[in-house]
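Structure assessment
Here is what each chain is made of, one letter per residue.
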6 protein chains.
Amino acid sequence: MWENMAQIFNKLSSDPRVRAIVLSGAGEKAFTTGLDVKAASEGLLSSDAKTDPARKAAVLRRHITAFQDCITAVERCEKPVIVALHGFSLGLGIDLSTATDVRLCSRDTRFGVKEVDIGLAADIGTLSRLPKVVGNYGWVKEVALTAREFGAEEALRVGFVNAVYDNREATIAAAFKLASLIASKSPVAVQGTKEILNFSRDHSVQDGLRYTSVWNSAALQTQDVSAALLSGLQKRTPTFEKL
Amino acid sequence: MWENMAQIFNKLSSDPRVRAIVLSGAGEKAFTTGLDVKAASEGLLSSDAKTDPARKAAVLRRHITAFQDCITAVERCEKPVIVALHGFSLGLGIDLSTATDVRLCSRDTRFGVKEVDIGLAADIGTLSRLPKVVGNYGWVKEVALTAREFGAEEALRVGFVNAVYDNREATIAAAFKLASLIASKSPVAVQGTKEILNFSRDHSVQDGLRYTSVWNSAALQTQDVSAALLSGLQKRTPTFEKL
Amino acid sequence: MWENMAQIFNKLSSDPRVRAIVLSGAGEKAFTTGLDVKAASEGLLSSDAKTDPARKAAVLRRHITAFQDCITAVERCEKPVIVALHGFSLGLGIDLSTATDVRLCSRDTRFGVKEVDIGLAADIGTLSRLPKVVGNYGWVKEVALTAREFGAEEALRVGFVNAVYDNREATIAAAFKLASLIASKSPVAVQGTKEILNFSRDHSVQDGLRYTSVWNSAALQTQDVSAALLSGLQKRTPTFEKL
Amino acid sequence: MWENMAQIFNKLSSDPRVRAIVLSGAGEKAFTTGLDVKAASEGLLSSDAKTDPARKAAVLRRHITAFQDCITAVERCEKPVIVALHGFSLGLGIDLSTATDVRLCSRDTRFGVKEVDIGLAADIGTLSRLPKVVGNYGWVKEVALTAREFGAEEALRVGFVNAVYDNREATIAAAFKLASLIASKSPVAVQGTKEILNFSRDHSVQDGLRYTSVWNSAALQTQDVSAALLSGLQKRTPTFEKL
Amino acid sequence: MWENMAQIFNKLSSDPRVRAIVLSGAGEKAFTTGLDVKAASEGLLSSDAKTDPARKAAVLRRHITAFQDCITAVERCEKPVIVALHGFSLGLGIDLSTATDVRLCSRDTRFGVKEVDIGLAADIGTLSRLPKVVGNYGWVKEVALTAREFGAEEALRVGFVNAVYDNREATIAAAFKLASLIASKSPVAVQGTKEILNFSRDHSVQDGLRYTSVWNSAALQTQDVSAALLSGLQKRTPTFEKL
Amino acid sequence: MWENMAQIFNKLSSDPRVRAIVLSGAGEKAFTTGLDVKAASEGLLSSDAKTDPARKAAVLRRHITAFQDCITAVERCEKPVIVALHGFSLGLGIDLSTATDVRLCSRDTRFGVKEVDIGLAADIGTLSRLPKVVGNYGWVKEVALTAREFGAEEALRVGFVNAVYDNREATIAAAFKLASLIASKSPVAVQGTKEILNFSRDHSVQDGLRYTSVWNSAALQTQDVSAALLSGLQKRTPTFEKL
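Residues numbered from 1 in each chain as written. Chains lettered and ligands numbered in written order. Predicted model: local features only at pLDDT ≥ 70, side-chain atom pairs only at ≥ 80, totals over all residues. Heavy atoms only, no water.

Some points on the overall build of chain A
- Regarding its fold elements, chain A presents 11 helices and 7 strands.
- Seen along its three principal axes, the alpha-carbon backbone of chain A occupies a region of about 70 × 40 × 35 Å.
- At a minimum sequence separation of 6, the contacts of chain A that also span at least 24 residues come to 70%.
- Looking at chain A as shown, the accessible area adds up to about 8,900 Å², and 56% of this sits on carbon and sulfur atoms.
- Across chain A, the mean location of the 30 positive side-chain charges is 4 Å away from that of the 27 negative side-chain charges. (Helix = DSSP H or I, 4+ residues; strand = E, 2+ residues; numbered from the N terminus. Contact = heavy atoms within 4.5 Å. Areas by Shrake-Rupley, 256 points an atom, 1.4 Å probe, with all protein chains shown as cover. Lys, Arg positive; Asp, Glu negative; His and termini not counted. Charge placed at Lys NZ, Arg CZ, Asp CG, Glu CD.)

Structural data, given as structure tokens:
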């Protein structure tokens, strides 16, 4: 399923008809039910076939990397991704949503970095991305070391989500409204903004500025700038070519 | 104008009579009216003279870099810079204020990362500095991708500004009060604190500690330390030599 | 005293009987009274023996590095460290507590990055770690440049502490409760989570993910995972071997 | 063809039957004839369909990235790759061979970073990897800025190739001999060595050491260590399980 | 004089008539006579006016930084710089030539990292750039710690210079020939190659590749590519527009 | 023994009577006989007591880190370290000598990165430091993946050693001569040069320059500069105070 998701995001990334993406959970109760514990424990038993710990480690490392790459496909997607969370959004729900750009949730959402409770350090992205999403290591350490759940209000207060809505439907509606707003802007400007923000997160300000100047040396040649400027002067709604 | 501003900050940086700087907008309505859209669109048309996109890119890149360097002069200024914001503080107002050390604003301030609305990714500093100022990528992505404006209360809540005041005058007065407080401290201590915090933002904790120990190996030899310690013991107000 | 503390933390780090650590101040009035100003000023006078500024700098640098290493021992300790702060927690109290994982405090705690008031830039860790703990450079610059004190409420609001309690006793009790909760989890999972979060703070997301996959390639082979999964299925409390 | 090559290397990377890989050119005259200039110029004309330079840039960037990823698959391959070069090994031949671990060549090999001669900066890997392979920026700048060809002797002198052989056959034979030697060693040791060297190239020594200790915390648990030690004591040739 | 040199290189950097630069020494005996020791020792005495070591340190740091920036202007110059060295090329001659792209010298050149002999660690660039030019830390440590001089043959052997010529005239002639060759190539390709090599020196391979793809997304749109490809097919010498 | 060595180097590092250090092997046959294979294999068997692979990994990681720290003590030693190698200098001999500043060897020295032959990736420093010492990844990959031995001539050619001497005595004599030469220079200049070169190895040129300017802001205040300058003018041998 995760490889499938990665393939979809890779496609959406360069599909010119797509300008913004909303990701939501289909079920009523949960955004994601997380890891299937039963299946996973069976999997662990079967991997016991290999007895050399170093060879087992190689297999595990390849598996973790492949799984990480699936989640990273969401972050690498050139189009902004908005996630609408609700219900249980534990474990993998956190991994996945930290790779998106904007997080909205319903009042009933239950969050949790639960991996410690199943005997492991979260390894699909939460520990690397969550602190950079919220910017506060103290809070992340507490929720990651204790695996305690937290609700929508706390998620809003620490800046994990951008807004809280009454229920799943309202959250998804808000996500689509936000996506539509972003889709009405120049895709050159929007995609450049996402890329430069992602680059800047992992680099010094000086490197961020240098990358930005090279990026915009091509992007500023777009007709979108004059289209946007002229519609501003003429009080018209601009339309922008696909990207 | 921007090159002028850079030259002024370069001068203030090493002028020993200066201990702290307050930056404010002269007009009633706006801290900065941002980019002059009309002039800019004329500029864009004229740069159409060059037809080779790679050569156009070189010209644009040099121009962006020169503009970035003007803003970076504020960050590099060795003396703390406090900005008093009010009214419209869009686009370049954000770029500029993220390069200062402390941001204060009046209740009526209208903020906005507006560049997406004119068809471009902000390239003068906002996308590299704003996330590190507020520490939260989720909120930054939303305001940068949508170009929606936000007010003083939201700016305070996310930590973009340190305090909100009733109006422009009160904000500037508070900025001067803060600047005076900082100016009453040892300039060796104050300038070292600014420099080490700026260095640490872009480096690992280990690198930050190493740089700090080298920096203070000279700075701790100052007479300001004993002056400060003795005035503390004697309940006197210390005076510190210029720097 | 500080070298002593480092040695203790180095020991606790690999002592298999230890799963979580609570650090608190013994006195009623203060978590730490900070630097002994009188002793320090005498120290400064005596170091005046050396007259060559470069040689003095070498002595100072070695001294600062040794002091930093003592504080870093707390951060490097493989077991989570919870600090219970109360009363005066100025200067070194901030340096020390930013090296712990979770900060709790009592309502009466007085915080302050006071070093500027004694003529120096904080050099034992605060300027490198505090901004990464709270994630907000604007607030850190203000409190570090002005040396103004702040209380428990402000510390909670900016995310410097995770929770505020009525008094010293309640804070310590809460710290022990939190430590017990963490101690009930798999030590493989807990110690891996601390290490990966510390690594990720100083590296790009991509580097964080790579390090995580290698770390967990050994850690996932632990019996704790199946122990945790099975107790989850059987609604039992798991017990985990020492580490 | 390049995507095909990437897929093959991705497969070889985790195929336990493979312990070392030899890459060579099938033709008599050339390791690679490089870019098909005619096809490429037709390609450029067709991409002229898009007229917005920013949108063209997006298409080009995606294309370059996809091409780079193909070459990077060789570097990421967990098994050592030895390349046997002969005849014309220009442009893409350099890009490709810098992503391998060991380069051998025949006396008649003609090397060249030729991209400048077709109006572009090499963008598939040469400019990032070649300086780190040979370690000398002065020589790299000269050959990259002038596009002048160089022969086997010069390649040996600057350390671009490890050895020079009389002809294509002798080079391939030597490559297989080297591959066999590597294949006779513990695959846990060999693959760890490649990975740690690749990691260390892009990180500080301190980071390299930290990564190494975590990597080997799993790898040292292999039975290969005792197998190797015992065969050493008993003067036997050890055999190692697949990986 | 050095600020003058920086201004000249800043101008040459964006002057479209310039495609490559040759830097040589005017005198017969020396490329540079290095620091004027007499003037410098007088300067040191006068700076003794300031008595506070921390304030002296600030003045010295600003002075070193300003001097470093002059040398860095050579590295930042967008056009390739070839230096023709002869005679005494000590101290500042090394600082300066490590900031150029290609170093040629005459047989009589005397090199030396002489700063240790005047009581200081070289601080204008040699210690940061020389190891990355030659790629070998062992040799650099020896010549920098002992201040021993070395000649043209040794400089060639370790890769500090690209070639050695009989005398100053022959060296300058060779430099001009090399500059002419580079000037005959596409300036888009040449300047991109210099920039990407400089960026890659200071970044990981992965970062280098990402920067390259963004850089070339604009650069590949140049008419130079098709001009170069077509002249290649038609065996004509291409001409390229200025940049 | 290794912890002992680290303690000695830590002491020498700040002992003002020490200006340069020569490290040599006492035996006739070998600089180091490397790992005691018999003892090591017994150690491995005993560590089999622990059965949980994750807990075993923690023990191994702590052990590797402690061992690495011993070798790093040589690199961190503030005084230059010259190693005189002879005879067998395999495995740990490489780890250790890459942490020194200058390597000299006798004609009979046998080098080898032998770890792969005992089933492991070298983890005490070789894989992180050797490529940065010689600057060439191609050669390092070959000798590390094959564990083939190499002699003094090859070590000289690739720049691993700075010079080759006839026998152990001549090598040690040369090391002492080099150490004496370095000891005759200003210790402020010498120790600063070592530190800045070590820092620059792991950082960008821009970071290296910034660190240098801060370092020298204290170091240039030394009386050694005027002492050196004046003795230069007066053709006297300067004497420098201890450090």
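With respect to the interface of chain B and chain A
- Each partner contributes residues to the interface: chain B has 42 residues there, and chain A has 45 residues.
- Of the roughly 3,700 Å² buried where chain B meets chain A, counting both sides, 65% is carbon and sulfur surface.
- In this assembly, chain B and chain A are joined by 2 salt bridges.
- Between Lys185 of chain A and Asp117 of chain B there is a salt bridge, with its nearest N and O atoms 2.7 Å apart.
- Inspection of the region where chain B meets chain A yields 20 residue pairs in polar contact (both at pLDDT 80 or more).
- Among the elements that take part in the side of chain B that touches chain A, helix H3 (residues 53-76) of chain B stands out by supplying 10 residues, more than any other.
- A breakdown of the residues in the side of chain B that touches chain A according to their chemical character gives 20 nonpolar, 11 polar and 11 charged. (Buried area = accessible area lost by both parts, 1.4 Å probe. Salt bridge = Lys/Arg side-chain N within 4 Å of Asp/Glu carboxyl O. Polar contact = N/O pair within 3.5 Å; in protein donor to acceptor, adjacent residues only side chain to side chain. Nonpolar A, V, L, I, M, F, W, Y, C, P; charged D, E, K, R; others polar.)

Description of the environment of Ala20 of chain A
Residues and elements named next belong to chain A.
- The residue Ala20 is located in the loop between helix H1 (2-14) and strand E1 (21-24) in this model.
- Residues Ala20 and Cys77, 57 residues apart in the sequence, show an inter-C-alpha distance of 10.0 Å.
- Setting aside its immediate chain neighbours within four residues, Ala20 contacts Lys79, Pro80, Ala179 and Ile182.

Some details on the interface of chain F and chain E
- The partner chain E presents 42 residues to the 45 residues of chain F that form the contact.
- Taking both partners together, chain F and chain E bury about 3,700 Å²; carbon and sulfur atoms supply 65% of that area.
- Broken down residue by residue, the surface that chain F buries against chain E is led by Leu197, Val205 and Leu229 of chain F, which jointly contribute 18%.
- Where chain F touches chain E, the interface holds 2 salt bridges.

Observations concerning the sheet that holds strand E3 (residues 81-85) of chain C
Residues and elements named next belong to chain C.
- Taking strand neighbours across the sheet as the criterion, the 4 strands line up as E1-E3-E5-E7 in an open arrangement whose pairing is parallel. This sheet does not close on itself; its edge strands, each paired only once, are strand E1 (21-24) and strand E7 (163-165). Between one strand and the next, the sheet's axes are offset by a mean angle of 25°, whatever the strand orientation.
- By the bridge criterion, 4 bridges tie E1 to E3 in an arrangement that is parallel. Its bridge partner lying in E3, Leu23 is registered against Val83. (Pairing = 2+ DSSP bridges. Axes fitted to C-alpha atoms, helices over the stretch in contact; angles between N-to-C directions.)

Details of the sheet that holds strand E1 (residues 21-24) of chain F
Residues and elements named next belong to chain F.
- Overall, parallel pairing links the 4 strands, which are arranged E1-E3-E5-E7 in an open sheet. Here the strands that pair on one side only, and so sit at the sheet edges, are E1 and strand E7 (163-165). With strand direction ignored, the average angle separating the axes of adjacent strands in the sheet is 25°.
- Note: strand E5 (residues 102-106) against E7, 3 bridges, orientation parallel. Bridge pairing links Leu104 to Ala163 in E7.

A few points about the packing of helix H6 (residues 137-146) of chain A against helix H9 (residues 187-201) of chain C
- With their axes 10 Å apart at the nearest point, H6 of chain A and H9 of chain C run at an angle of 155° to one another. One finds that H6 of chain A runs roughly antiparallel with respect to H9 of chain C. Once H6 of chain A is placed against H9 of chain C, the crossing between them reads as right-handed. Facing H6 of chain A, whose interface residues are Tyr137, Val140, Lys141, Ala144 and Leu145 of chain A, H9 of chain C presents Val190, Thr193, Lys194, Leu197, Asn198, Ser200 and Arg201 of chain C.
- Looking at the contact of H6 of chain A with H9 of chain C residue by residue, the classes come out as 6 nonpolar, 3 polar and 3 charged. (Parallel < 35°, antiparallel > 145°, perpendicular 65-115°, else oblique. Left-handed = near helix turned anticlockwise from the far one by under 90°.)

A closer look at helix H6 (residues 137-146) of chain E
- Within H6 of chain E, 10 of the 10 residues are buried, which leaves the element mostly enclosed by the surrounding structure.
- Listed as buried for H6 of chain E are Tyr137, Gly138, Trp139, Val140, Lys141, Glu142, Val143, Ala144, Leu145 and Thr146 of chain E.
- On the buried face of H6 of chain E, the contacting elements are helix H5 (126-134) and helix H7 (152-157) of chain E together with E5, helix H5 (126-134), helix H8 (168-183) and helix H9 (187-201) of chain F.
- Sitting at the amino-terminal end of H6 of chain E is Asn136 of chain E, which places a side-chain oxygen 2.9 Å from the backbone nitrogen of Gly138 of chain E.
- Note on H6 of chain E: the residue one or two positions beyond its end, Ala147 of chain E, has a positive phi of about 60°. (Buried < 20%, exposed > 50% of the residue type's maximum accessible area, 1.4 Å probe, protein only.)

Regarding the domain arrangement of chain A
All names here are of chain A.
- Taken domain by domain, chain A holds domain 1 (1-183) and domain 2 (186-234).
- Taking only C-alpha atoms into account, the centre of domain 1 sits 27 Å from that of domain 2.
- Listed per partner, the contact involves 12 residues of domain 1 and 7 residues of domain 2.
- Interface of domain 1 and domain 2: buried area, both sides summed, is about 790 Å²; carbon and sulfur atoms make up 48% of it.
- On inspection of domain 1 and its partner domain 2, the count reaches 2 salt bridges.
- Residues Glu75 and Arg201 are paired through a salt bridge, measuring 2.7 Å at the closest nitrogen-oxygen approach.
- At the boundary of domain 1 and domain 2, one finds 5 residue pairs in polar contact (both at pLDDT 80 or more).
- At the level of elements, helix H3 (53-76) and helix H5 (126-134) are the ones that each hand at least two residues to the side of domain 1 that touches domain 2.
- Looking at the side of domain 1 that touches domain 2, its residues break down into 5 nonpolar, no polar and 7 charged. (Domains from an automatic or database assignment.)

Comments concerning the packing of aromatic side chains
All names here are of chain A.
- Applying the stated criterion to the full structure yields 36 aromatic pairs over all chains.
- Seen in terms of ring centroids, Phe199 and Tyr211 are 3.8 Å apart; in terms of plane orientation they differ by 5°. Their pairing is stacked. In this pair, Phe199 is assigned in helix H9 (residues 187-201) and Tyr211 in helix H10 (residues 205-219), connecting sequence segments 12 residues apart.
- What makes Phe199 buried here is its relative accessible area of 2%.
- Relative accessible area serves as the criterion here: at 1%, Tyr211 is assigned to the buried category. (Phe/Tyr/Trp six-rings, centres within 6.5 Å; stacked < 30°, edge-to-face > 60°.)

Topic: the pattern of salt bridges
- Under the definition given, this model contains 129 salt bridges over all chains.
- A salt bridge links Arg55 of chain C to Asp224 of chain F; the shortest N-O distance between them is 3.0 Å. Here Arg55 of chain C, found in helix H3 (residues 53-76), pairs with Asp224 of chain F, found in helix H11 (residues 223-234), and the two come from separate chains. With respect to class, Arg55 of chain C is no different from Asp224 of chain F; both count as buried.
- A salt bridge links Glu28 of chain F to Arg168 of chain F; the shortest N-O distance between them is 3.6 Å. Here Arg168 of chain F lies in helix H8 and Glu28 of chain F lies in the loop between E1 and strand E2 (30-32), a separation of 140 residues in the sequence.

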